[in-house]
Amino acid sequence: MQEFTRQLPFIVAFLIAILFIQMMMGEKVTNYLLVLVLAGMVVKNSDKVTKLLNGVTSL
């Protein structure tokens, strides 16, 4: 929980930035940006994603 509250200002700023991009450039640009951010998060946390997928496949 402490990690979440420490990162909260960045999360709020990111959401506001995405909202402004949505209003200025449209949905298509916003969708590509969000997919790029999601891919970056997966790459950054690839070890955690691998552990999660291994846990799912072993059930």
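Residues numbered from 1 in each chain as written. Predicted model: local features only at pLDDT ≥ 70, side-chain atom pairs only at ≥ 80, totals over all residues. Heavy atoms only, no water.

1. As for the confidence of the model for the protein chain
Argument step 1. When pLDDT is averaged across the protein chain, the result is 88; 97% of the residues are at 70 or more.
Argument step 2. Looking over the protein chain, one finds the lowest element-wise mean pLDDT in helix α3 (residues 46-57), namely 84, and the highest in helix α2 (residues 27-44), namely 92. (pLDDT = per-residue confidence, 0-100. Helix = DSSP H or I, 4+ residues; strand = E, 2+ residues; numbered from the N terminus.)

2. Here we look at the packing of aromatic side chains
Argument step 1. Counted according to the given criterion, the structure contains 1 aromatic pair.
Argument step 2. With centroids separated by 6.3 Å and ring planes inclined at 25 degrees, the aromatic side chains of F10 and F14 adopt a geometry described as stacked. Here F14 and F10 lie together in helix α1 (residues 2-25), a separation of 4 residues that amounts to about one turn. (Phe/Tyr/Trp six-rings, centres within 6.5 Å; stacked < 30°, edge-to-face > 60°.)

3. Section: the layout of surface pockets
Argument step 1. One number sums up the size of the largest pocket: a volume of about 280 Å³.
Argument step 2. Together, F10, F14, V37, M41, K44 and N45 line the largest pocket.
Argument step 3. For the lining of the largest pocket, the elements supplying multiple residues, two or more each, are α1 and α2.
Argument step 4. It is α2 that contributes the most residues to the lining of the largest pocket, 3 residues altogether.
Argument step 5. Tallied by class, the residues present in the lining of the largest pocket amount to 4 nonpolar, 1 polar and 1 charged. (1 Å grid on protein atoms, 1.4 Å probe; cavity = no way out; pocket = protein on both sides within 12 Å on 5 of 7 lines; lining within 4 Å. Points joined across faces, edges and corners; volume = space filled by probe spheres on them. Nonpolar A, V, L, I, M, F, W, Y, C, P; charged D, E, K, R; others polar.)

4. Description of the side chain of T30
Argument step 1. Relative to the helices and strands, T30 resides in helix α2.
Argument step 2. Looking at T30, the relative accessible area reads 3%, which means it is buried.
Argument step 3. Polar side-chain contacts of T30 include one of 2.9 Å to the backbone oxygen of G26.
Argument step 4. With near-sequence residues (within four places) excluded, T30 lies in contact with I18, I21 and Q22. (Buried < 20%, exposed > 50% of the residue type's maximum accessible area, 1.4 Å probe, protein only. Polar contact = N/O pair within 3.5 Å; in protein donor to acceptor, adjacent residues only side chain to side chain. Contact = heavy atoms within 4.5 Å.)

5. Quick notes on the environment of A13
Argument step 1. Residue placement: A13 occurs in helix α1.
Argument step 2. Owing to a relative accessible area of 44%, A13 belongs among the partly exposed residues under this scheme.

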